[in-house]
Amino acid sequence: MSATSARRSRKPRKSQATTGFFDLRLYIAGPTARSLAALANLKRICDEHLEGRYRIEVIDLLERPQLARGDQILALPTLVRKLPKPIRKLVGDLSDTERALVGLDLRPRSPGKS
Amino acid sequence: MSPRPATRAAPVRSVPKSPTGIQGLDEITGGGLPRGRPTLICGGPGCGKTILSMEFLINGARQFGEPGVFLSFEETVDDLTMNFASLGFDPRPLSARRKLSLDYVRVEPHEILETGAYDLDGLFIRLGHAIDSIGAKRVVLDTIETLFAGLSQTRVLRAELRRLFNWLRTKGVTAIVTGERGEAGMTRHGLEEYITDCVILLDHRVVEQNATRRLRVVKYRGSTHGANESPFFIDESGISVLPIASLGLQHRVGTGRLSTGVRDLDAMLGGKGYFRGSSILVSGSAGTGKTSLAGYFADAACRRGESSLYFAFEESAAQIVRNLRSIGLDLEPWLGKGLLQVHAARPTTSGLEGHLSAMHRLIDEKRPRVVVVDPISNLISVGTSVEVKAMLARLIDFMKVRQMTALFTSLTIDEGHPEGTDIGISSFMDTWLVLRNIEQNGERTRRLNVLKSRGMPHSNQVREFVLTSHGLKLLDVVRDQGHVLVGSERAAYAGDGAVAARSTGRRSPRR
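Residues numbered from 1 in each chain as written. Chains lettered and ligands numbered in written order. Predicted model: local features only at pLDDT ≥ 70, side-chain atom pairs only at ≥ 80, totals over all residues.

(A) Molecular detail of the overall build of chain B. Each helix and strand counted, chain B has 15 helices and 25 strands in total. Taking the intrachain contacts of chain B between residues at least 6 apart in sequence as the baseline, contacts between residues at least 24 apart amount to 69%. (Helix = DSSP H or I, 4+ residues; strand = E, 2+ residues; numbered from the N terminus. Contact = placed C-beta atoms within 7 Å.)

Here it is in structure tokens:
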């Protein structure tokens, strides 16, 4: 409840997402078509909206399975926004650009749409 | 790698099984859960799913050399550790020795946003890593349905869960998947559709303000299993299931005898008293002398130097000692020597499972030669009679196997039908003594008869007995013109000096 109201009160203001640095982690399991699609989608979004102020770290859990625990990864691919705070998790291949932008706080959440 | 325990050997016709090490559950399932396959355990909140799962892992790691992974979707590792500790078990040393791995999978719905196609490979990798890093043979997923709260694409989720369970099968781990009881099906999200190897249902219900737990094996592919609901209880040593219909009746039967503590009563039982390892029921209405008989029995055991355990559900130890002193029986020295131990409790203070637990544990711990339960009928106020019956059957079996002789007293409410009110337990009993108060000619006299005593010749007479300051005495039968004389009639008759001629030919009664 409190989280929701905090989010709502932040909405009218300029979020720090519009100016801050984005530290992003993309979790994948091997170079599957879905992994590659997610990475391509992410790069496109970043280039369009975050030029010069983002970093993408790709973590292949097939190589480093022990890292799944730290960020509570279940679904793949998952994009974790480490910065700016709060941490956000975007599940899926980011093909839904609108939702991805909302999830990254690059576009305000529209109340009618879920 | 690890030694294969002998208990794992299963009959050829049945699927291989992994013993749970949980008392009673391995009996019902004929040896444990299906080896290398997932088992679904479902039930409402607080029904004991998590504890059962934990015990499965603990026993696996400790007794069966099978490391285990506990993946919780609900509790943090710290909470889990605490819960394990509540079973008297600290998981940390085992974790350090890589016999156990606890992990918490956090699903925060408001943290997760779906932006396109995905699968649950992250979970697979995480679980696979945990399994491989300790060579786990057992896995618990508690409660995986939490995923449905975090991920909205249920169609994807369902497909992935199906894949997960199949993957667990190919990994060859014996898994427990817990599920919350749903309104329509067995679980809220129909997990029973995917896990068909074995399904166990737990239930926690309150009957007349007493909480009772039940367990039922709903399905067990490739194996026979007990289909009944079995009561189970949870205490600090974990879960114990009490299979109602599992009495093997294969216990050793002895021919040894032991005294009832009353010489005249020994005489009625073929001159030698009860069989060792048998169960004795002493029933009667209030004030007929049940506790006195129980006291004599315990006293006789102590005199032989045998330990006895007295469960008192009506009186405190001090009360029993005081009251029995009035009939010339002093149990105090036995209490002092520790030969006699009295465990007094009001049945209403804890539920049926609490009593089962306490009695079982005490008997198991003290290993007495003789046990008294006084009265068993007070447990009726705790559970329904089906449960009391199951509990008794279990307890009696437990004691018989250990050649303990047990005496149960039972309060009969209906004076007219003493045989009808004993909650159907008499069939478990080898010897049944019925005590009665009979009002006649303005006085009450006590009667005793042996209703049955398996495997020995016994008297069929209804005998009058008296409780004197010197003890319990059975009086000889006195007949006058075909009429049995009791009480003051008998005394008057004895005064006539005709007793010797007309009695059954034995000593004249003393009053």
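Let us keep going from here.
(B) The interface of chain B and chain A, seen in detail. Counting residues at the interface gives 22 residues for chain B and 29 residues for chain A. At the level of secondary structure, the elements contributing two or more residues to the side of chain B that touches chain A comprise β6 (112-114) and α5 (121-134) of chain B. Top element by residues in the side of chain B that touches chain A is α5(B). It accounts for seven residues. Grouping the constituent residues of the side of chain B that touches chain A by class yields nine nonpolar, six polar and seven charged. In this structure, strand β4 (residues 88-91) of chain A lies alongside β6(B), joined through three bridges in parallel fashion. Bridge pairing in β6(B) places Lys89(A) opposite Ile112(B). (Nonpolar A, V, L, I, M, F, W, Y, C, P; charged D, E, K, R; others polar. Pairing = 2+ DSSP bridges.)

(C) Examining the sheet that holds strand β17 (residues 340-344) of chain B more closely. All names here are of chain B. Pairing is mixed in the open sheet, where nine strands are placed in the order β17-β16-β18-β19-β15-β20-β21-β22-β23. Strands with a single pairing partner mark the edges of an open sheet, and in this sheet they are β17 and β23 (471-474). On average, adjacent strands in this sheet sit at an angle of 20° to one another, irrespective of strand direction. As defined by bridge partners, strand β16 (residues 308-312) adjoins β17 across five bridges and the pair is classed as parallel. Bridge pairing links Leu-309 to Gln-341 in β17. Contacts from helix α9 (residues 290-303) reach β15 (279-284), β16, β17, β18 (370-374), β19 (405-411), β20 (431-440), β22 (463-468) and β23 within the one sheet, and its direction differs from that of β18 by about 165°. (Axes fitted to C-alpha atoms, helices over the stretch in contact; angles between N-to-C directions.)

Any link to function would need more than the numbers given here.
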